[in-house]
Amino acid sequence: MEVKNLNFTHYLRKTLEMMDDPGLLLLSGNANESNVMTIGWGTIGIIWGKPIFCVLVRPSRYTDSFIKKYNEFTVNVPLPGMEKIALYCGTVSGRNYNKFKEKNITLLPGKKVKCPTIKECDIVYECRVIHKNSIVPADLIPEISPKYYPKGDYHTVYFGEILAVYKQS
Ligand SMILES: Cc1cc2nc3c(=O)[nH]c(=O)nc-3n(C[C@H](O)[C@H](O)[C@H](O)COP(=O)(O)O)c2cc1C
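Note that the structure is a prediction, hence the values are computed from the model and not measured. Counting from 1, residues in each chain are numbered in the order their sequence is written. At least 70 in pLDDT is required for a residue's local features to be given in this predicted model, at least 80 for side-chain atom pairs to be given and counted, and no such filter applies to totals for whole chains, interfaces and linings, which use all residues. Neither water nor hydrogens contribute to the side-chain values; these are computed over all heavy atoms in the structure.

**Structural notes on the nonpolar core**
Move 1: Among the nonpolar cores identified, the biggest contains 23 residues, and Leu-26, Phe-53, Val-55, Phe-73, Val-75 and Tyr-125 are the most heavily contacted of them.
Move 2: Among the secondary structure elements, those contributing two or more residues to this core are helix H2 (12-20), strand S1 (24-29), strand S2 (34-39), strand S4 (50-57), strand S5 (72-76), strand S8 (123-134) and strand S9 (156-167).
Move 3: Listed in part, the 12 residues of the second largest apolar core include Ile-85, Val-113, Cys-115 and Ile-118. Side-chain atoms within 4.5 Å link the members of a nonpolar core, which is a set of buried Ala, Val, Leu, Ile, Met, Phe, Trp, Tyr and Cys residues. Accessible area is worked out with a 1.4 Å probe on protein chains only. A residue is then buried under 20% of its type maximum, exposed over 50%, and partly exposed in between. Starting at the N terminus, helices and strands are each numbered in turn, a helix being any DSSP run of H or I of at least four residues and a strand any DSSP run of E of at least two.

As structure tokens, this is what we get:
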């Protein structure tokens, strides 16, 4: 079975711990153009018999335009000591800064996707988008919107089929 062979749960605990703090590095694009941002929200599970990484990206993020264009992303788990990089990538936009250059991030080609991965990171998930969905305000319990969406900008949930999971080192 595809799901078992991939062993996508192997790094689950580590990945979720790092997603909580300092965040994971979500990258989308191809060898010629790409962008990176930090994510603190997401889930890993099984849907449609496939291993899936769901990431939640607000439409205002520059990265969102890359995922929409290329339909692929990689999730890169930072190593201890990369906290400042995670904070930087989650604070400034690729519209205004070349985050890769500013933080000396080295890109490596993906094994199963055209989207690059981050050499300095520990664990890598390579994903292709097989479904996307926007958060529906009317279907949220009332207290969520004022707290998390005072300006609208409801997340798009991207369902990424996990095609590869591995350690860079
Ligand atoms: C720890 C942390 C977690 C974050 N999690 C998310 C997230 O899950 N989804 C999201 O849309 N933005 C999240 N952000 C905000 C984006 O990373 C931030 O707006 C970033 O600058 C967007 O970059 P871009 O415009 O180059 O895509 C997070 C920021 C930080 C610092």
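After that view of the structure, there is still more to cover.
**Regarding the sheet that holds S4**
Move 1: Here we have 7 strands laid out as an open sheet, ordered S2-S1-S5-S8-S9-S4-S3, and antiparallel in their pairing. Sheet topology places S2 and strand S3 (42-47) at the edges, where each strand pairs with a single neighbour. Here the strands of the sheet are splayed against their neighbours by 35° on average, with no regard to which way each runs.
Move 2: By definition in these notes, contact holds between two residues if any of their heavy atoms fall within 4.5 Å. Helix axes are fitted to C-alpha atoms over the stretch in contact, other axes to C-alpha atoms as well, and angles between N-to-C directions run from 0 to 180 degrees. Sitting on the sheet, H2 is in contact with S1, S2, S3, S4 and S8, with an inclination near 70° to S8.
Move 3: Strand contacts of helix H3 (residues 62-70): S1, S2, S4, S5, S8 and S9, with the helix running at about 50° to S1, the strand carrying the most contacts. Note: two strands are recorded as paired if DSSP finds a minimum of 2 bridges between them.

**A look at the pattern of salt bridges**
Move 1: By convention in these notes, a salt bridge is any Lys or Arg side-chain nitrogen within 4 Å of a carboxyl oxygen on Asp or Glu. Scanning all chains against the criterion turns up 6 salt bridges.
Move 2: The partner of Lys-50 in a salt bridge is Glu-161, with the nearest N and O atoms 3.8 Å apart. Here Glu-161 lies in strand S9 and Lys-50 lies in strand S4, a separation of 111 residues in the sequence.
Move 3: Take Glu-161: its relative accessible area is 3%, and that puts it in the buried class.
Move 4: Linking Asp-122 and Lys-167 is a salt bridge whose minimum nitrogen-to-oxygen distance equals 3.1 Å. Here Asp-122 is found in the loop between strand S7 (117-118) and S8, whereas its partner Lys-167 is found in strand S9, with 45 residues between them in sequence.

Function cannot be inferred from these measures alone, as they are strictly geometric.
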